Amino acid sequence: MEWTESAIKIYVDDTHYYTFENERLQNASTDQWHWPFDHPFHFILTISAGGNWAATEGIDPNIWPQRMELDYMRVYACKS
């Protein structure tokens, strides 16, 4: 992920998947719901199970237990 003042770009294995543009730079009438990313944030890494599909279809109880193993996570600051 590349997070700049103008956009957040998402990559997986160097393949670009999505760009979330900062609409507030072009349109002063937009609010924090269009670009809430100018405040401090934390990374949350989780194995979440649920969502709309699970609410209607349920979750197979035989998939448990599960675990997430993370070797490392790197965060870099961009050089200006």
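Everything discussed here concerns the structure shown above.
The following refers to the structure shown.

The rules behind these values
- Residues numbered from 1 in each chain as written.
- Predicted model: local features only at pLDDT ≥ 70, side-chain atom pairs only at ≥ 80, totals over all residues.
- Heavy atoms only, no water.
- Pairing = 2+ DSSP bridges.
- Helix = DSSP H or I, 4+ residues; strand = E, 2+ residues; numbered from the N terminus.
- Phe/Tyr/Trp six-rings, centres within 6.5 Å; stacked < 30°, edge-to-face > 60°.
- Buried < 20%, exposed > 50% of the residue type's maximum accessible area, 1.4 Å probe, protein only.

## Regarding the sheet that holds strand β1 (residues 2–3)
Right, so step 1: Pairing within the open sheet is antiparallel, and its three strands lie in the order β1-β2-β3. Taken across any chain shown, the strands that pair with only one partner, and hence form the sheet edges, are β1 and β3 (15–21).
Right, so step 2: Bridge count for β1 against strand β2 (residues 7–12) is two bridges, and the pairing is antiparallel. Bridge pairing in β2 links Trp 3 to Ile 8.

## A closer look at the packing of aromatic side chains
Right, so step 1: Overall, the coordinates contain six aromatic pairs when judged by the stated rule.
Right, so step 2: With centroids separated by 5.7 Å and ring planes inclined at 65 degrees, the aromatic side chains of Trp 3 and Phe 41 adopt a geometry described as edge-to-face. Placement of the pair is Trp 3 in strand β1 and Phe 41 in the loop between β3 and α1 (51–57), with a sequence separation of 38 residues.
Right, so step 3: Residues Phe 20 and Trp 35 carry aromatic rings whose centres are separated by 5.8 Å and whose planes lie at 20 degrees to one another, so their mutual orientation is stacked. Of the two residues, Phe 20 is situated in strand β3 and Trp 35 in the loop between β3 and α1; the sequence distance between them amounts to 15 residues.
Right, so step 4: Under the relative-accessibility criterion, Phe 20 is labelled partly exposed at 27%.
Right, so step 5: When its relative accessible area of 3% is taken as the criterion, Trp 35 is described as buried.
Right, so step 6: An aromatic cluster of three or more residues is present, and its members are Trp 3, Phe 20, Trp 35, Phe 37 and Phe 41.

Everything listed here is a matter of coordinates, which is why it stays silent on function.
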